[in-house]
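Tertiary structure, described
As a plain string of letters, each chain reads:
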Amino acid sequence: MTTIDDSNVFLLFTDGSVNTKSDIGYGAYLLVSENELFSVGLMPEVRVKRFENTSSTKLEIQTILWALSEIGKIERKLILYTDSQNILGLAGRRERLEKNDFYSKQSRRITNWELYQDFYRFTDELNIEIRKVSGHKRTSTKDNIDWLFTTVDKASRNALREEK
């Protein structure tokens, strides 16, 4: 369980890196309160986890689900920052996916359907807002949100590099 302060809003940054040849990936997340966002001495505590038999799309949702399960139930708003187009589009796809019981037009279960169900369960239980963050901005254009996301991105990439 991650320790957090009494801020009204929590910010969750998630990212992952996958070796497509080995299907091994590392997911990383960072949880900070909105109050900590502008702290001069903030030393972010990024958590990293290894995943096997994964892909880049699967790893993004696995990382979010892992982070949310570790964080547990919180009563405050949670803003999730991700650069994953798949995650950003899940809310808009929900009605159709659930209506079709997660089957495709070809009558096959869609890939990662169980993970999507878990994601929707979490979004029903928690007050989550999902925001897009650009994964690879130039240094001169980065704000605090970008810097924290970069920290998470580097943690997952470094863990994957050390795997080799």
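Parameters at a glance
Residues numbered from 1 in each chain as written. Predicted model: local features only at pLDDT ≥ 70, side-chain atom pairs only at ≥ 80, totals over all residues. Heavy atoms only, no water. Phe/Tyr/Trp six-rings, centres within 6.5 Å; stacked < 30°, edge-to-face > 60°. Helix = DSSP H or I, 4+ residues; strand = E, 2+ residues; numbered from the N terminus. Buried < 20%, exposed > 50% of the residue type's maximum accessible area, 1.4 Å probe, protein only. Lys NZ or Arg CZ within 6 Å of the ring centre and 35° of its normal. Axes fitted to C-alpha atoms, helices over the stretch in contact; angles between N-to-C directions. Parallel < 35°, antiparallel > 145°, perpendicular 65-115°, else oblique. Contact = heavy atoms within 4.5 Å. Nonpolar A, V, L, I, M, F, W, Y, C, P; charged D, E, K, R; others polar. pLDDT = per-residue confidence, 0-100. Polar contact = N/O pair within 3.5 Å; in protein donor to acceptor, adjacent residues only side chain to side chain. Expected span 1.5 Å × (residues − 1). Pairing = 2+ DSSP bridges.

The next subject is the packing of aromatic side chains. The description of an aromatic ring pair uses the distance of the two centres, along with the angle that the planes make with each other. Applying the stated rule across the entire model yields 6 aromatic pairs. Considering the side-chain rings of phenylalanine 102 and tyrosine 120, the 6.4 Å spacing of their centres and the 35° angle between planes classify their relative orientation as tilted. In this pair, phenylalanine 102 is assigned in the loop between α2 (85-99) and α3 (113-125) and tyrosine 120 in helix α3, connecting sequence segments 18 residues apart. Owing to a relative accessible area of 3%, tyrosine 120 belongs among the buried residues under this scheme. Clustering of aromatic rings is evident, with ring pairs tying together Phe102, Trp113, Phe119 and Tyr120. Taking the ring centre of tryptophan 113 as reference, the NZ or CZ of arginine 109 above it sits at 3.9 Å.

Where α2 contacts α3, the two axes come as close as 11 Å, and the packing angle between them is 95°. Regarding the angle of α2 to α3, the classification is roughly perpendicular. Between α2, through Asn86, Ile87, Leu90, Arg93, Arg94, Leu97 and Glu98, and α3, the contact on the second element is made entirely by Tyr116, Phe119, Tyr120, Thr123 and Asp124. For the contact of α2 with α3, a count of residues per class yields 6 nonpolar, 2 polar and 4 charged.

Here we come to the confidence of the model for the protein chain. The share of residues in the protein chain with pLDDT of 70 or more is 85%, and the mean pLDDT across the chain is 87. This model gives residues 1-6 a pLDDT under 50, and the stretch forms 14 contacts once residues within four places in sequence are excluded.

What follows covers the side chain of asparagine 86. As for its position among the elements, asparagine 86 is in helix α2. Given a relative accessible area of 18%, asparagine 86 falls into the buried group. A polar side-chain atom of asparagine 86 sits 3.2 Å from a polar atom in the side chain of tyrosine 116.

Between its terminal C-alpha atoms helix α4 (residues 144-163) stretches 29 Å, which fits the 28 Å expected from 20 residues at 1.5 Å a residue. Turning to α4, its buried residues number three or more, namely Ile145, Asp146, Leu148, Phe149, Thr150, Val152, Asp153, Ala155, Ser156, Ala159 and Leu160. Buried-residue contacts for α4 involve β1 (9-19), β2 (24-33), β3 (47-51) and β4 (77-82).

Here the focus is the pairing of β1. Counting buried positions over the 11 residues of β1 gives 10, a clear majority of the element. Relative to β4, β1 is paired through 5 bridges, and the arrangement is parallel. Within the sheet, the bridge partner assigned to valine 9 lies in β4 and is lysine 77.

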